Amino acid sequence: MADPVRPWLAGHDDGGKPAEATPESPWLTVIGIGDGGLDSLSDEARQLLADATTVFGGERHLAMLGDTDAQTIPWVSPFADSIERLAACAGTPTVVLATGDPMWFGVGATLTRHFTPAAMRVIPAPAAFQLASARLGWPLQDCACLTVHGRPVEAVARALAPGAQLLVYSADGQSPQALARLLTGRGYGPSRMIVLEHLGGERERVRETTAAGFDLDEVANLNTVAVACVAGRAAEPRPLVAGLPDDAFVHDGKMTKRVLRALALAALAPMPGELLWDVGAGSGSISVEWLRSAVRTRAIAIEPIEARRAMIAENAATLGVPELVVVAGSAPEAFDGLDQPDAVFIGGGLTDGVFDAAWEALRPGGRMVAHAVTLESEALLIGLHEKLGGELMRVSVERAEKVGPYRGFKPSMTVIHWHLSKGIGR
């Protein structure tokens, strides 16, 4: 993965004076470096590096530079402080050094959120994913490309499936063993693990083991892990479609059950990059499945009871979405300061005040779904349906259960399901 950035080089143009960026040309250049170091750079990248007056980059990259007349600035924490320093260089030739392809889980992708395409030029090196794919003969389009660099290793769990091929950027030399523990704990102990170190460099090394029998030592910090998933007998493969079995979650009974959950998710219609508020989240089953359903989605689970918040966090980690944000508090007070949602699910604590505040916060075009099981909340939904429209339905599920020596259908509690989209004028 492209390292978090820290300072680097700059030099002079042929006339001995620093080159200047013009309004018509990018002032910020992001240069990817392979394991071969500066020797692997193209002539274009070398010239831009030589012309830079300021260089940001990682400490590993700084060590390659030697003496330079450029001001070198390492990344700092919080990263926002580095962004401010970088923005202060606007209009002057500035270089950011990164590893491999800066736009693939790299600093270049981060910088696109702060600088326009017109301000940036990106010169990538071959990514570790590409190099690993070439070494292993795994078509890259068939692989799930993931990272645990700066992210919880549990996020990989979402991609586990029999026969899946994973390529994972590591955070350091300990990441492969952490991945092995995760795989073994989820029943994928027989999976092949190939650890590829210093890809493309003189110290390149490729070693293989299994998750359950992981025995590799002295793994380099710069490594990528390939996993050929093999499900053992203890594995419980989980699809990404909505409606996981109820026993996939830890809960205390306060959860949206499977059939109603699938219905709710269909109405919430998760789309890439969208944000869900899960109000009265209980076990977090709705927000967990929302995050599993589409890429780059975000979710905030709002829950006042501490024990349930702990269950939400456990379910999120187990099912591969540790990025789920859990907010302590009761609605509507807990809404203060939250990002505007694209969808809202109200599964518990439905009152006039909760709905009104959530509806006001919901962006135009967003989706609202609410469930009610009590007569009081049912009356609220009937009134809201009369006022705002949408689709209102009464859902009753009957399951076959033992009746003495025979079987019979036993009804569960009836649930009122209401959903609608917020029109531009509402």
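Residues numbered from 1 in each chain as written. Predicted model: local features only at pLDDT ≥ 70, side-chain atom pairs only at ≥ 80, totals over all residues. Heavy atoms only, no water.

Moving on, we come to the pairing of strand E7 (residues 165-169). One face of the sheet, then the other: side chains in a regular strand alternate in exactly this way. Across the five residues that make up E7, a large majority, four, are buried. In the sheet, strand E6 (residues 144-147) pairs with E7 via four bridges, with the strands oriented parallel. Counted as the bridge partner of Cys145 is Leu167 from E7. (Buried < 20%, exposed > 50% of the residue type's maximum accessible area, 1.4 Å probe, protein only. Helix = DSSP H or I, 4+ residues; strand = E, 2+ residues; numbered from the N terminus. Pairing = 2+ DSSP bridges.)

Think of it this way: side chains of opposite charge can pair up when their charged atoms draw near. The final tally for this structure, using the stated rule, is 14 salt bridges. In this structure, Arg261 and Asp246 form a salt bridge, with 2.7 Å as the shortest nitrogen-oxygen distance. Taken as a pair, Arg261 in helix H7 (residues 258-268) and Asp246 in the loop between strand E10 (223-228) and H7 lie far apart in primary sequence, 15 residues in all. The exposure class assigned to Arg261 is buried, which follows from its relative accessible area of 0%. Through salt bridges with shared partners, one network takes in Glu197, Arg205, Arg207 and Asp217. (Salt bridge = Lys/Arg side-chain N within 4 Å of Asp/Glu carboxyl O.)

Moving on: the UniProt feature "domain: Tetrapyrrole methylase" (unreviewed entry) in the chain. As annotated in UniProt, the feature "domain: Tetrapyrrole methylase" (unreviewed entry) corresponds to residues 28-212 in the numbering used here. As annotated, residues 28-212 comprises 27% helix and 24% strand, and the C-alpha atoms at either end are separated by 46 Å. (UniProt positions renumbered as here; feature names shortened; annotations may be inferred.)

Over the atoms, a rolled probe matching the size of one water molecule traces out where space is still vacant. Quantified by volume, the largest pocket comes out at close to 1500 Å³. Along its surface, the largest pocket is lined by 40 residues, and Phe105, Thr147, Arg151, Arg296 and Glu323 are the ones closest to its centre. If you list the elements that add at least two residues to the lining of the largest pocket, you get helix H4 (107-111), E6 and strand E12 (298-303). In terms of residue class, the lining of the largest pocket is made up of 25 nonpolar, seven polar and eight charged. The computed volume of the second largest pocket comes to approximately 650 Å³. Sorting the residues of the lining of the second largest pocket by element identifies helix H8 (285-293), strand E15 (367-372), strand E17 (398-403) and strand E18 (406-411) as the ones contributing at least two each. Here the lining of the second largest pocket is built from residues that sort into 12 nonpolar, 13 polar and six charged. (1 Å grid on protein atoms, 1.4 Å probe; cavity = no way out; pocket = protein on both sides within 12 Å on 5 of 7 lines; lining within 4 Å. Points joined across faces, edges and corners; volume = space filled by probe spheres on them. Nonpolar A, V, L, I, M, F, W, Y, C, P; charged D, E, K, R; others polar.)

Our focus in this paragraph is the packing of aromatic side chains. Enumeration over the complete set of coordinates arrives at 10 aromatic pairs. Here the aromatic rings of Trp75 and Phe79 are separated by 4.9 Å at their centres, their planes lie at 55 degrees, and the arrangement is tilted. The exposure class assigned to Trp75 is buried, which follows from its relative accessible area of 8%. An aromatic cluster is defined as three or more aromatic residues linked by ring pairs; in this entry it consists of Trp104, Phe105, Phe129 and Tyr169. (Phe/Tyr/Trp six-rings, centres within 6.5 Å; stacked < 30°, edge-to-face > 60°.)

To continue, consider the packing of H7 against H8. Across the interface, H7 lies against H8 with an axial gap of 10 Å and an inter-helix angle of 55 degrees. As summarised for this structure, H7 and H8 are arranged oblique, according to the angle between their axes. Considering only the axes of H7 and H8, their crossing is right-handed. Contact residues: Arg261, Ala264, Leu265 and Leu268 in H7; Ser285, Ile286, Glu289, Trp290 and Ser293 in H8. (Axes fitted to C-alpha atoms, helices over the stretch in contact; angles between N-to-C directions. Parallel < 35°, antiparallel > 145°, perpendicular 65-115°, else oblique. Left-handed = near helix turned anticlockwise from the far one by under 90°. Contact = heavy atoms within 4.5 Å.)

Before going further, it helps to spend a moment on unusual backbone geometry. The amide bond that connects Ser77 to the next residue, Pro78, takes the cis arrangement and shows omega of 5 degrees. The residue Pro78 is located in the loop between strand E3 (71-74) and helix H3 (79-87) in this model. Cis peptide bonds are those with omega within 30 degrees of zero, and the linkage from Ala331 to Pro332 qualifies with 5 degrees. Along the polypeptide, Pro332 turns up in the loop between strand E13 (325-328) and strand E14 (343-346).

Let us look at the domain arrangement of the chain. Domain annotation for the chain reports domain 1 (28-125), domain 2 (129-229) and domain 3 (246-422). When each unit is reduced to the centre of its C-alpha atoms, the spacing between domain 2 and domain 3 is 35 Å. Across the boundary between the two partners, domain 2 contributes six residues, which contact 11 residues of domain 3. With both chains or domains summed, domain 2 and domain 3 bury close to 560 Å², and 52% of this area falls on carbon and sulfur atoms. Three residues, Glu154, Arg158 and Arg186, lead the burial of domain 2 against domain 3; their summed loss comes to 78% of the area buried on that side. If you look at where domain 2 meets domain 3, you find zero salt bridges. Put simply, domain 2 and domain 3 have three residue pairs in polar contact (both at pLDDT 80 or more) between them. Partitioned by chemical class, the residues of the side of domain 2 that touches domain 3 number three nonpolar, no polar and three charged. (Domains from an automatic or database assignment. Buried area = accessible area lost by both parts, 1.4 Å probe. Polar contact = N/O pair within 3.5 Å; in protein donor to acceptor, adjacent residues only side chain to side chain.)

Once that is clear, we can look at helix H9 (residues 306-318). Each α-helix winds once per 3.6 residues, and so residues spaced three or four apart point in a common direction. The terminal C-alpha atoms of H9, which comprises 13 residues, lie 19 Å apart, in line with the 18 Å expected from a rise of 1.5 Å per residue. If you check which residues of H9 are buried, you get Arg308, Arg309, Met311, Ile312, Asn315 and Ala316. Viewed end-on, H9 has its buried residues packed into an arc of 160 degrees, placing them on one side of the element. Exposed residues on H9 whose side chains face more than 90 degrees from its buried face are Glu306 and Ala307. Along its buried surface, H9 packs onto H8, E12 and E13. Just beyond H9, the residue with positive phi is Gly320, at close to 85 degrees. (Expected span 1.5 Å × (residues − 1). Arc of directions from axis to C-beta.)

Attention now goes to the side chain of Thr94. Assignment of secondary structure puts Thr94 in strand E4 (residues 94-99). The buried category is assigned to Thr94, whose relative accessible area is 1%. Here the side chain of Thr94 touches Thr92 through a polar contact of 3.0 Å, landing on its backbone oxygen. Contact partners of Thr94, with chain neighbours within four places excluded, come to Trp27, Leu28, Thr29, Thr54, Phe56, Leu86 and Cys89.

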